[in-house]
Amino acid sequence: MDTAYPWPPDQAFWTGTFPEHTTGRTTPFLFKDIIPATAAGPDDVLAGFEAIRRAHDAGTDIKAHARVYVGEDRRDDLLPPALTAPSWNAGVEPFVPWMQNLASAERFSLVINNLETVSPALAAGLGTFLKTLIDGWGLPLGGAEQVAFAGNYAGTAFGIHEGYEDAFLIHLGPNAKNFYCWPAEQYEKLTGGQQPTYGDYRALLEEAEHFLLEPGDALFLPRRVFHVGTQDTFSVSVAMPLYTYPYAQILQSRIIPDVLADLAGGGPDDPLNEPSAMADTAAGPGAVADRLAGVGRELLHFAADRVRSAARQHAEQRWATLQSNGGWELVEGDLSRQEAADAFDPEQVTPGAEIRLIAPYQVTTLPDDDGDSHQVLLRGHQPGVALDSAGLNRDTVTALNSGATIALPDKPELLTAVRALGATGGLHLTPRPADMEETDA
């Protein structure tokens, strides 16, 4: 008999059930029927694809993008018609022949990256799962993404391949999918290396751990596990990779360059900006190298003293940004954020209007440089709103983050703050009835 899991998963699941079933989060495990249909379904994925088509028609540059595969061949020539052809009239059943006709093939696969930016329903539904994961397991420092796989393909277009991040594969159906996994060590022994395997890999499937994914299932895929999916009928799955960037990568790409830039001199009168001396041709490049090394050692010495404060500032910014964006990675070209911001009419922010947060986003705060006040973030953006008792106070933020709907009082400072927050795309506004009547008129 299958285990019944709570929804949303509770603290006991993440600290007990999850690590026990996955050998301390190191081996695959299939959690059966853990995602309710009300949280995520195949129609939500197709609605995201429709949003991409809508953006393409409007000429809007967005982060989410789709790819079409026939077998293991990426068919970029099929993408333009998939983005411009008349719609399939909604629903899963008409979508399959629609894609088969476009691809001129019986079998196909459609892959969509950053689905959370074009499907508000999936951002919220799977965001519920992600929030409990963050609270119970931890925050992935790069955030999480949604990658959809829709099709009736005989095998994943990428062949048997390795996953580089811990991830969950959430199966939405409507039909089942077979999934096969190999630990890296086993795969290397079987194939002699770590390269993907394409074509006929039926012999390898016999050596794999097999999982039958049905609607509502979530398969945990630890990093460094090779895997492939196969199916005979159409279904949709959403992979949710957890981007846990190496600390060295964060330091190299963000923190250390900022520290060194601050130390590299503040103007022409700074000693560090003094032009290099004319190089003595008799001494050759060795003297130049020695001088560079000396200055470098001096810079690194001072940089080492500043890394801790810079790292703390970066960590606080990253933490608040990700939490305010529901745990999803923050990207440019978030279509659903822009559409929510466009739908928010600041002129209708009047006493008696109601506001609530759009799930799964949260209001978070960051201390100012002086440490005396805090700036508010929502949906990864800082709209220039300070947390204070005259405008947006902690009680209001707590109520919003708990999911409450707030009727706006006649407080000019708060109304001004709400108008600024609405520009982040994180607020839903219900105008007061009188304003709605004026709009209808």
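If you're wondering where the values come from, they're calculated on a predicted model, not measured in any experiment.

Novice: It is not clear to me how the packing of aromatic side chains should be interpreted in this structure. Could you clarify?
Specialist: Geometrically, a pair of aromatic rings is defined through the distance of the ring centres and the angle of the planes. Summed over the entire model, instances satisfying the criterion amount to 31 aromatic pairs. Their ring planes at 75 degrees and their centres at 6.1 Å tell us that F149 and F158 sit as a pair that is edge-to-face. Using a relative accessible area of 21% as the deciding quantity, one classes F158 as partly exposed.

Novice: Before we go on, may I ask you to explain a nonpolar patch on the surface in this structure?
Specialist: Side chains of I256, L260 and L300 sit close together on the surface and give an oily, nonpolar patch of about 240 Å² of accessible area. Residue L300 is classed as exposed on the basis of its relative accessible area of 54%.

Novice: Explain the nonpolar core to me, please; I cannot follow it from the model alone.
Specialist: Soluble globular proteins tend to bury their nonpolar side chains together. Judged by nonpolar contacts, the single largest core of 85 residues is most densely connected at I35, V45, F49, F95, I112 and F168. With residues near it in sequence (within four places) discarded, V45 still touches I112, L115, L122, A148, L172, V236 and V238.

Novice: So what exactly am I meant to see when it comes to the sheet that holds strand β10 (residues 218-221) here?
Specialist: By way of backbone hydrogen bonds, the strands of a sheet pair with one another, either parallel or antiparallel. Here eight strands make up an open sheet; going across it, the order is β1-β10-β7-β12-β5-β4-β2-β3 and the pairing antiparallel. Looking at the sheet topology across the chains shown, the edges are occupied by β1 (29-31) and β3 (73-74). Across four bridges, strand β4 (residues 109-113) lies against strand β5 (residues 147-151) in antiparallel orientation. Residue pairing in the sheet places I112 in a bridge with A148 of β5. On top of the sheet, helix α5 (residues 120-136) reaches β7 (167-174) and β12 (235-241); it is set at about 30 degrees to β12, its chief contact.

Novice: In this structure, what is going on with unusual backbone geometry? I would like to understand it.
Specialist: Residues apart from glycine generally show negative phi values, whereas peptide bonds are mostly found in trans. The residue after W7, namely P8, is reached through a cis peptide bond having omega -10 degrees. Along the chain, the position of P8 falls in the segment before α1 (11-21). Looking along the chain, the bond that leaves G173 and enters P174 is cis, with omega of 10 degrees. Looking at where P174 falls in the secondary structure, it is placed in strand β7. Despite not being glycine, N114 shows a phi value in the positive range, around 50 degrees. Among the structural elements, N114 can be located in the loop between β4 and α5. Using a relative accessible area of 2% as the deciding quantity, one classes N114 as buried.

Novice: Please explain the packing of helix α2 (residues 42-58) against helix α4 (residues 92-103) as it appears in this structure.
Specialist: In helix packing, the relevant descriptors are the interaxial angle and the interaxial distance, both defined with respect to the helix axes. At their nearest, the axes of α2 and α4 sit 11 Å apart, and the two run at 50 degrees to each other. Here α4 runs oblique to α2, going by the angle between their axes. Crossing geometry of α2 relative to α4 is assigned as left-handed. Taken together, the residues of α4 that come into contact with α2 (itself represented by P42, D43, L46, F49 and R53) are V92, F95 and W98. A per-class count over the contact of α2 with α4 returns six nonpolar, no polar and two charged.

Novice: I would appreciate a short explanation of the pairing of β12 in the present structure.
Specialist: Within a regular strand, side chains alternate between the sheet's two faces. In terms of burial, β12 is a largely internal element, seven of the seven residues being buried. Side-chain alternation along β12 places S235, S237, A239 and P241 on one buried face and V236, V238 and M240 on a second face that is also buried. Note that β5 and β12 share five bridges and pair antiparallel. The partner of A148 across the bridge, within β12, is V238. One ladder, built from seven bridges, connects β7 with β12; its direction is antiparallel.

Rules of the game
Residues numbered from 1 in each chain as written. Predicted model: local features only at pLDDT ≥ 70, side-chain atom pairs only at ≥ 80, totals over all residues. Heavy atoms only, no water. Phe/Tyr/Trp six-rings, centres within 6.5 Å; stacked < 30°, edge-to-face > 60°. Buried < 20%, exposed > 50% of the residue type's maximum accessible area, 1.4 Å probe, protein only. Patch = residues over 30% accessible without salt bridge, like charges linked within 9 Å, V, L, I, M, F, W, Y side chains within 5 Å. Areas by Shrake-Rupley, 256 points an atom, 1.4 Å probe, with all protein chains shown as cover. Salt bridge = Lys/Arg side-chain N within 4 Å of Asp/Glu carboxyl O. Core = buried A, V, L, I, M, F, W, Y, C linked by side-chain atoms within 4.5 Å. Contact = heavy atoms within 4.5 Å. Pairing = 2+ DSSP bridges. Helix = DSSP H or I, 4+ residues; strand = E, 2+ residues; numbered from the N terminus. Axes fitted to C-alpha atoms, helices over the stretch in contact; angles between N-to-C directions. Parallel < 35°, antiparallel > 145°, perpendicular 65-115°, else oblique. Left-handed = near helix turned anticlockwise from the far one by under 90°. Nonpolar A, V, L, I, M, F, W, Y, C, P; charged D, E, K, R; others polar.

By themselves, these are just geometric observations and shouldn't be taken as functional.
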